[in-house]
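Inside the fold
Spelled out, the chains give:
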Amino acid sequence: MLYLYNTMDLQSSLKKILKNGLLNSELEFQRASVIDRQLRMLVKEHPELVDNRNRLRSILKTYEDQHWTNIEVTDKQVEESDLAVQIAEKENSFNLNRKQLIKAKLGEKGLTQKQLGIILGHTSETYISELINGINPFTINDLILIHKILDIGMEQLVPTTLNTQSIVRVVNAVSKLNHPKFSLEIEDLVEA
């Protein structure tokens, strides 16, 4: 079993990357880079993760070699990379904040993670830790229960980050509308 800290369901993201053996976009590359940084910290406690980290690093290197080494780097590539970094960091920051907030609220209520797990219907202490740390995704039912029992706003529990393709598509669509009273910039959707 994988014991990690996440950006958006880290365990399944890592498994998917390792299964595919490649990265298809700059956002996938940036998310994989975040996973790699997290694995770097975790391999000390969990040496069984070394092989997965080495495989991930090989996939990252292949992507870099294909998209950033010995080629003419365009302004569009740099913009896409910058946007992907913003999104990946925003996702990571969201997950860290959510983790800290849940732990703080558990402390205020005098509850342990294990007790929260029992309330949510999860019997494994490891699994509830993986949920709180973002390794495995919470179900919407878990998040609603946490919202109600710990009095945490849903906007603090459910990420609202869009992927790069959606952001670019929406900004381009709004631009094509050429509506005098409505416009959007990429930053509007990244920060929203």
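Notes on the structure in this doc start here. (Residues numbered from 1 in each chain as written. Predicted model: local features only at pLDDT ≥ 70, side-chain atom pairs only at ≥ 80, totals over all residues. Heavy atoms only, no water.)

On to the packing of helix α2 (residues 26-42) against helix α3 (residues 50-67), then. For the pair α2 and α3, the least separation of the axes is 10 Å and the interaxial angle reads 145°. You can see that α2 and α3 cross each other, and the crossing is left-handed. In this structure, α2 contributes Glu26, Phe29, Ala32, Ser33, Ile35, Asp36, Leu39 and Arg40 to the contact, and α3 contributes Arg53, Leu56, Arg57, Leu60, Tyr63 and Glu64. When the residues that make up the contact of α2 with α3 are grouped by side-chain class, the tally is seven nonpolar, one polar and six charged. (Axes fitted to C-alpha atoms, helices over the stretch in contact; angles between N-to-C directions. Helix = DSSP H or I, 4+ residues; strand = E, 2+ residues; numbered from the N terminus. Left-handed = near helix turned anticlockwise from the far one by under 90°. Contact = heavy atoms within 4.5 Å. Nonpolar A, V, L, I, M, F, W, Y, C, P; charged D, E, K, R; others polar.)

For helix α5 (residues 113-120), the complete set of buried residues consists of Leu116, Gly117 and Leu120. On an axial view of α5, the arc spanned by its buried residues comes to 105°, and they lie on one face. The secondary structure elements touched by the buried residues of α5 are α4 (75-109), α6 (125-132) and α7 (140-150). (Buried < 20%, exposed > 50% of the residue type's maximum accessible area, 1.4 Å probe, protein only. Arc of directions from axis to C-beta.)

With that settled, the discussion passes to the packing of α5 against α7. As a packed pair, α5 and α7 sit with axes 10 Å apart at the nearest point and diverge in direction by 120°. It follows that α5 is oblique to α7 by the angle criterion. Crossing hand, α5 versus α7: right-handed. Every residue of α7 that contacts α5 at Leu116, Ile119 and Leu120 is listed here: Asp142, Leu145, Ile146 and Ile149. Of the residues belonging to the contact of α5 with α7, the class tally is six nonpolar, no polar and one charged. (Parallel < 35°, antiparallel > 145°, perpendicular 65-115°, else oblique.)

The description of an aromatic ring pair rests on the distance of the ring centres and on the angle between the ring planes. Summed over all chains, the structure comprises one aromatic pair. Judged by centre distance (5.0 Å) and plane angle (20°), the ring pair of Phe29 and Tyr63 falls under stacked. One end of the pair, Phe29, is in helix α2; the other, Tyr63, is in helix α3, and 34 residues separate them in sequence. This pair shows no difference in class: Phe29 is buried, exactly as Tyr63 is. (Phe/Tyr/Trp six-rings, centres within 6.5 Å; stacked < 30°, edge-to-face > 60°.)

What follows covers the pattern of salt bridges. The final tally for this structure, using the stated rule, is seven salt bridges. The partner of Arg57 in a salt bridge is Asp36, with the nearest N and O atoms 2.9 Å apart. In this pair, Arg57 is assigned in helix α3 and Asp36 in helix α2, connecting sequence segments 21 residues apart. By relative accessible area, which is 40% here, Arg57 ends up partly exposed. Lys114 serves as the salt-bridge partner of Glu125, at 3.8 Å between the closest nitrogen and oxygen. (Salt bridge = Lys/Arg side-chain N within 4 Å of Asp/Glu carboxyl O.)

Here we come to the environment of Arg55. By the secondary structure assignment, Arg55 is in helix α3. Sequence separation of Arg55 and Leu18 is 37 residues, and the distance between their C-alpha atoms is 7.0 Å. Within the structure, the side chain of Arg55 is placed 3.4 Å from the backbone oxygen of Leu18, a separation counted as a polar contact. (Polar contact = N/O pair within 3.5 Å; in protein donor to acceptor, adjacent residues only side chain to side chain.)

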